[in-house]
Amino acid sequence: MADAPDAERQAAESDVGEVLSVSQLNDRIASVVQDTSALNGVRCIGEVTDLHQNSTTLYFTLTNGEAELPCMIWANRYREMDADLEDGTEVILESDIDYWVEGGKIDLMPWEVIVVGDGDQAAAVERLRSEPKERGWFDDEQKQQPPAFPERVGVVTSLRGDARYDIQNAIHGQDPTVDILVKDATVQGSEAPTSIANGIHYLDRSEDVDAIIVGRGGGSDSNLQAFNTERVAEAIFTANTPVVTAIGHTDDRLIADQVADVATITPTAAGEYILNSRPEFLASETEPLEQQLDAAYETFQQDHEQELAEAVDEAAAPEGLPPIYYKIAIVVLLLLLLVITGFWLGVI
Amino acid sequence: MANDAEIHDRLSRVEEIIEQFDADECDLDEGTALHEEGKELLTEVREILDEESGEVVEIE
């Protein structure tokens, strides 16, 4: 009996240094997952987030706020279950664990779903949403319009994420003269609310920051929870500088989006929204105005030149009576001459 | 500071000048001076929009 573990250890040691293909390693992981009895038929409690469905499969993430697991249920199996899942539903899943070899991804594949009720996280978000709403933080009157021609835009996001490049490229695509100040922030996890709020406060106090973009490149609902916290909502609401959110999601609106002066769907959209396109502005505003100015001046000049020409003619005319009087006088004189000649000849 | 006010003020003044031409409120000499002023304002708008390339500053 004692020989068996030794043999296994020796086999394992002989494999050290062996180079596996990705497929081989994935096969090996899959067999470990399938053969480990502790991973079969597990029961797990958590909250459903990121629920979405296509014709064959229902996908969601199970989370307890600190950790999460992707889950999938075949649509036909889900139809047979007595469960109506939505984001925020708290459930106990009785489930196998599936390792997708080609994609190298673990999923829970529940065969039983027991609905416990609304999850803590969903209830907390709803509670939190009601408070700022009552305080008027979502009201349109509270919104500030970001300037169309900012000199400097502040961005609160992770320096290591793609979102910052999307925002930078979009801003400089619109107007390459704008300065961008990127304040690093942790955008998910327990540190995120404080980090994001501090980033907003920092940029709000910075001189000459004309607008602030707060963003990240999407993620699961549980990854976006920092944007559903009072801390971030308050930082956005109290900022004197207009704040634009760019959190990269399309589902339920986050509290941060509702408090923000402008909410955009993606970091790129925020960069494009926040400022006017310089070439477009020149083509659509400045150039037509210049043409209008030139046309108005030309008409004005023509009118005044005609007046000027008349004035010049008038000035050039000889002084004295107008020519018609001279003509009449000549005719009268000729008539008088005819009358006198008539008398002299005795004709009259 | 955002450039909105600077740009807006200049464009508004150009619009005013156009209105003055349309209303024929000035003589030829004044009109010529106004036209020059309008052209100058539009040049300034282009200069405001054509400053040096913006920089990206990272703050840890």
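Here the structure is a predicted model, which is why all the values come from computation and not from measurement. (Residues numbered from 1 in each chain as written. Chains lettered and ligands numbered in written order. Predicted model: local features only at pLDDT ≥ 70, side-chain atom pairs only at ≥ 80, totals over all residues. Heavy atoms only, no water.)

(A) Up close: the overall build of chain A. In terms of regular secondary structure, chain A is built from 11 helices and 10 strands. Taken across its 348 residues, chain A has 42% of its residues classed as buried. Sequence separation of at least 24 residues holds for 65% of the intrachain contacts in chain A that already meet a minimum separation of 6. When the accessible area of chain A is evaluated, it comes to approximately 19900 Å², of which 52% is carbon and sulfur surface. (Helix = DSSP H or I, 4+ residues; strand = E, 2+ residues; numbered from the N terminus. Buried < 20%, exposed > 50% of the residue type's maximum accessible area, 1.4 Å probe, protein only. Contact = heavy atoms within 4.5 Å. Areas by Shrake-Rupley, 256 points an atom, 1.4 Å probe, with all protein chains shown as cover.)

(B) Summary view of the overall build of chain B. Looking only at helices and strands, chain B has two helices and one strand in total. Overall, chain B shows an N-to-C arrangement of helices and strands of α-α-β. A buried classification covers 33% of the 60 residues belonging to chain B. On chain B, roughly 3700 Å² of surface is accessible, and the fraction owed to carbon and sulfur atoms is 44%.

(C) Representation of the interface of chain A and chain B. Each partner contributes residues to the interface: chain A has 37 residues there, and chain B has 36 residues. Between chain A and chain B the total buried area reaches about 3400 Å² when both faces are included, carbon and sulfur atoms providing 61% of it. When the buried surface of chain A facing chain B is broken down by residue, Leu293, Tyr297 and Phe300 of chain A rank first, second and third, together holding 19% of it. Taken together, chain A and chain B are joined by four salt bridges. Notably, a salt bridge pairs arginine 164 of chain A with glutamate 58 of chain B, separated by 2.7 Å at the nearest N-O pair. Summed over the shared surface of chain A and chain B, the result is 18 residue pairs in polar contact (both at pLDDT 80 or more). (Buried area = accessible area lost by both parts, 1.4 Å probe. Salt bridge = Lys/Arg side-chain N within 4 Å of Asp/Glu carboxyl O. Polar contact = N/O pair within 3.5 Å; in protein donor to acceptor, adjacent residues only side chain to side chain.)

(D) Structural detail: the confidence of the model for chain B. Residues of chain B with pLDDT of at least 70 account for 98%, and the chain-wide mean is 88. Taken over the whole predicted complex, pTM reads 0.62, whereas the ipTM for its chain interfaces reads 0.87. (pLDDT = per-residue confidence, 0-100.)

(E) Region of interest: the pairing of strand β8 (residues 211-215) of chain A. All names here are of chain A. The buried fraction of β8 is high, at five of five residues. The two faces of β8 match: Ala211, Ile213 and Gly215 on one face and Ile212 and Val214 on the other face are all buried. Judged from the four bridges that link them, strand β6 (residues 152-157) and β8 form a sheet pairing that is parallel. Within the sheet, the bridge partner assigned to valine 156 lies in β8 and is valine 214. Examined bridge by bridge, β8 and strand β9 (residues 243-246) share four bridges and lie parallel to one another. Bridge pairing links valine 214 to threonine 245 in β9. (Pairing = 2+ DSSP bridges.)

(F) Structural view of the packing of helix α6 (residues 192-205) of chain A against helix α7 (residues 230-238) of chain A. Residues and elements named next belong to chain A. Axis separation between α6 and α7 bottoms out at 8 Å; the angle between their running directions is 10 degrees. The pairing of α6 with α7 is recorded here as roughly parallel in orientation. Of the residues in α7, those touching α6 at Pro193, Thr194, Ile196, Ala197, Ile200, His201 and Asp204 are Arg231, Val232, Ala235, Ile236 and Thr238. Its residues placed into classes, the contact of α6 with α7 shows seven nonpolar, three polar and two charged. (Axes fitted to C-alpha atoms, helices over the stretch in contact; angles between N-to-C directions. Parallel < 35°, antiparallel > 145°, perpendicular 65-115°, else oblique. Nonpolar A, V, L, I, M, F, W, Y, C, P; charged D, E, K, R; others polar.)

(G) Inspection of a negative patch on the surface at higher detail. A cluster of like negative charges, contributed by Glu285, Asp303, Glu307, Glu310, Asp313 and Glu314 of chain A together with Glu15, Glu19, Asp22, Asp24 and Glu25 of chain B, occupies part of the molecular surface. Taken together, the elements giving at least two residues each to the negative patch come down to α10 (278-316) of chain A together with α1 (4-23) of chain B. Looking at the negative patch, the element that brings in the most residues is α10 of chain A, giving six residues. Within the element layout of this structure, aspartate 24 of chain B appears in the loop between α1 and α2 (28-48). According to the relative accessible area criterion, aspartate 24 of chain B is partly exposed, its value standing at 35%. (Patch = residues over 30% accessible without salt bridge, like charges linked within 9 Å, V, L, I, M, F, W, Y side chains within 5 Å. Lys, Arg positive; Asp, Glu negative; His and termini not counted. Charge placed at Lys NZ, Arg CZ, Asp CG, Glu CD.)

(H) Region of the structure containing the packing of aromatic side chains. Residue and element names in this part refer to chain A. One pass over the full model with this rule turns up five aromatic pairs over all chains. Ring geometry for tryptophan 137 versus phenylalanine 237: centroids 4.8 Å apart, planes at 10 degrees, classification stacked. With tryptophan 137 in the loop between α4 (120-134) and β6 and phenylalanine 237 in helix α7, this pair connects stretches of sequence that are 100 residues apart. Tryptophan 137 sits in the buried class, given a relative accessible area of 7%. Over the ring of tyrosine 165 we find arginine 164; its NZ or CZ atom is 4.6 Å from the centre of that ring. Sitting above the plane of the tyrosine 202 ring, lysine 183 keeps its charged end 5.4 Å from the centroid. (Phe/Tyr/Trp six-rings, centres within 6.5 Å; stacked < 30°, edge-to-face > 60°. Lys NZ or Arg CZ within 6 Å of the ring centre and 35° of its normal.)

(I) Spotlight on the state of the cysteines. Residue and element names in this part refer to chain A. This model, assessed by the stated rule, comprises zero disulfides over all chains. The cysteine cysteine 44 is free of any disulfide, with cysteine 71 supplying the nearest cysteine sulfur at 7.5 Å. In this structure cysteine 44 comes out as partly exposed when scored by relative accessible area, which is 25%. (Disulfide = S-S within 2.5 Å.)

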